[in-house]
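# Summary of structural features
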Amino acid sequence: MAQINSRTSSAISVGAFLLAVAFGLLVGFTTGDYLSAVWVVLIVFGLYVMVASRLKSDSNDSFGPSEADVMVAGGVVMAGLGAAGLVYTYTGEVVYTAVVILVVVAVTGIVMAVKNRSVREWDSRTESRTR
């Protein structure tokens, strides 16, 4: 995947955040509930962070997750917390909010497992048999 320099990446991130704030304000003005605007900003910017992770390097420099892995996990958690807040704002039920948070944790695990899966083709010529 093509890499972009850090200045361009920062400018795109600021633009995406401003778009998320504008969208949140639009929701806040429309519904009259400005706390919903905060949750919408978290959802929209979290989705951007997940998408922007495709532009980051997937290589591990020494140990731990790559920069792209951190961005995917952070974006999922950010959008999930926004969704949980939005659910609580409109339902007022803690149980529904807890369910959304559990779903976010599960989705984060699934996304990271799928993203980091190891795909190997079985080749009988190179497989060694040990007994």
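Residues numbered from 1 in each chain as written. Predicted model: local features only at pLDDT ≥ 70, side-chain atom pairs only at ≥ 80, totals over all residues. Heavy atoms only, no water.

### Observations concerning the confidence of the model for the protein chain
Detailed reading of the predicted model is not advised wherever pLDDT is low. Mean pLDDT over the protein chain: 82, with 80% of residues reaching 70 or higher. Highest mean pLDDT in the protein chain belongs to helix α2 (residues 34–52) (92); lowest belongs to helix α4 (residues 94–115) (88). (pLDDT = per-residue confidence, 0-100. Helix = DSSP H or I, 4+ residues; strand = E, 2+ residues; numbered from the N terminus.)

### Here's the deal with the nonpolar core
In terms of nonpolar packing, the biggest core is built from 8 residues, these being Ala-16, Ala-20, Val-41, Phe-45, Tyr-48, Val-49, Ala-52 and Met-71. Within the residue set of this core, elements represented by two or more residues are α1 (6–31) and α2. Counting residues per element, this core draws most heavily on α2, at 5 residues. Discounting chain neighbours no more than four positions away, the residues touching Phe-45 are Ser-13, Ala-16, Phe-17, Ala-20 and Met-78. Core analysis: the next-biggest nonpolar cluster, separate from the first, contains 6 residues, Val-72, Ala-84, Val-100 and Met-112 among them. (Core = buried A, V, L, I, M, F, W, Y, C linked by side-chain atoms within 4.5 Å. Buried < 20%, exposed > 50% of the residue type's maximum accessible area, 1.4 Å probe, protein only. Contact = heavy atoms within 4.5 Å.)

### Some thoughts on the environment of Val-94
Mapped onto the elements, Val-94 comes out in helix α4. Its relative accessible area of 57% is what places Val-94 among the exposed residues. Taking the C-alpha atoms as reference points, Val-94 and Ala-84, separated by 10 residues in sequence, lie 9.5 Å from one another.

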